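Letter by letter, the chains look like this.
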Amino acid sequence: MSEVLELFTFTQLIGIVASCFVIAAYCVKSDVKTKRITMGGSLLFAVHFAMMGAFTAMGVTIVNVLRVWLSIRYHGVVWLCGVFIAIYLLIGIITFQETIDVLPIL
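Residues numbered from 1 in each chain as written. Predicted model: local features only at pLDDT ≥ 70, side-chain atom pairs only at ≥ 80, totals over all residues. Heavy atoms only, no water.

1. Things to note about the packing of helix 3 (residues 55–73) against helix 4 (residues 79–95)
How we decide: The axes are straight lines fitted to the C-alpha atoms, using for helices just the contacting stretch, and the angles between their N-to-C directions are given from 0 to 180°. Secondary structure is summarised from DSSP: a helix means a run of H or I of at least four residues, a strand means a run of E of at least two, and numbering begins at the N terminus for each. When describing relative orientation, an angle under 35 degrees is termed roughly parallel and one over 145 degrees roughly antiparallel, while 65 to 115 degrees is termed roughly perpendicular and anything else oblique. For a crossing to be left-handed, the near helix must be turned anticlockwise from the far one by less than a right angle; the clockwise case is right-handed. Whether two residues touch is decided by their heavy atoms; if any such pair falls within 4.5 Å, the residues are in contact. Gly falls in the polar group here, along with every residue not listed as nonpolar (Ala, Val, Leu, Ile, Met, Phe, Trp, Tyr, Cys, Pro) or charged (Asp, Glu, Lys, Arg).
The interhelical angle for the contact between helix 3 and helix 4, taken along N-to-C directions, is 165 degrees, at an axis separation of 9 Å. Put simply, helix 3 runs roughly antiparallel to helix 4. Of the two elements, helix 3 crosses helix 4, and the hand of that crossing is right-handed. Facing Phe 55, Thr 56, Gly 59, Val 60, Val 63, Asn 64, Leu 66, Arg 67 and Leu 70 of helix 3, the residues of helix 4 in contact are Phe 84, Ile 87, Tyr 88, Ile 91 and Thr 95. In terms of residue class, the contact of helix 3 with helix 4 is built from nine nonpolar, four polar and one charged.

2. Some remarks on helix 4
What counts is decided by this rule: Here a helix's expected span is defined as the number of its residues, less one, multiplied by 1.5 Å.
Its 17 residues place the ends of helix 4 25 Å apart at the C-alpha level, agreeing with the 24 Å of an ideal helix rising 1.5 Å per residue. Here the buried face of helix 4 lies against helix 3 and helix 5 (102–105).

3. Observations concerning the nonpolar core
Nonpolar side chains in soluble globular proteins tend to end up buried together. Under the convention used in this document: Nonpolar cores are built from buried Ala, Val, Leu, Ile, Met, Phe, Trp, Tyr and Cys residues. Side-chain atoms within 4.5 Å join them into one set. Under the scheme applied here, a residue whose accessible area is under 20% of the maximum for its type counts as buried, over 50% as exposed, and between as partly exposed, the area being computed with a 1.4 Å probe on protein chains only.
Within the largest apolar cluster, seven residues are counted, these being Val 60, Val 63, Leu 70, Leu 80, Phe 84, Tyr 88 and Ile 91. A per-element tally of this core places helix 4 first, with four residues.

4. Quick notes on the packing of aromatic side chains
For clarity, the threshold we go by: What counts as a ring pair is set by centres within 6.5 Å for rings of Phe, Tyr and Trp (its six-membered ring), and what kind of pair is set by the plane angle: stacked under 30 degrees, edge-to-face over 60, tilted for all other angles.
Tallying each qualifying case throughout the model produces one aromatic pair. Summarising the aromatic geometry, the rings of Phe 45 and Phe 49 are spaced 6.0 Å apart at their centres and angled 20 degrees between planes, so their arrangement reads as stacked. Of this pair, Phe 45 and Phe 49 are both found in helix 2 (residues 31–52), four residues apart, which corresponds to roughly one turn of the helix.

5. Observations concerning a nonpolar patch on the surface
Worth spelling out the cut-off: Nonpolar side chains (Val, Leu, Ile, Met, Phe, Trp, Tyr) are joined into patches within 5 Å and like charges within 9 Å, using only residues with over 30% relative accessible area and no salt bridge. For accessible areas, the Shrake-Rupley method is used with a probe of radius 1.4 Å. Any residue's cover is judged against the shown protein chains and nothing else. The term salt bridge refers to a side-chain nitrogen of Lys or Arg lying within 4 Å of a carboxyl oxygen of Asp or Glu.
Together, Leu 7, Phe 10, Leu 13, Val 17, Phe 21, Val 47 and Met 51 line one region of the surface with nonpolar side chains, adding up to about 580 Å² of accessible area. A per-element tally of the nonpolar patch places helix 1 (residues 2–25) first, with five residues. Here Leu 13 is to be found in helix 1. You can call Leu 13 partly exposed: its relative accessible area is 46%.

6. Focus on the confidence of the model for the protein
What counts is decided by this rule: The quantity called pLDDT is the predictor's confidence in a given residue, expressed from 0 to 100.
Overall, the predicted model of the protein reaches an average pLDDT of 88, with 97% of residues at or above 70. Considering each helix and strand of the protein separately, the mean pLDDT is smallest for helix 5, with a value of 76, and largest for helix 2, with 94.

Pasting the structure below:
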């Protein structure tokens, strides 16, 4: 039982650190630095979701990291929005197991 509790605590700690990254990102004035810090937080959230077994949320979060990275490189490319909507829906269809799996997609 203590191993399960330790894993749960470690998993939640990763989620808390990820939240701190995202909050800290909005204290930075540079748009690019904000996006980079947000990417780091999102990567930690992906690990957090994987450890929780929330694979839909993990997949959507990994795609979010890619989306933010591309927004730094290709600012203002409108058609990428449609591509990412399609990717999010595809991840949802592939990983769907329960009704709650719809929430990360929305």
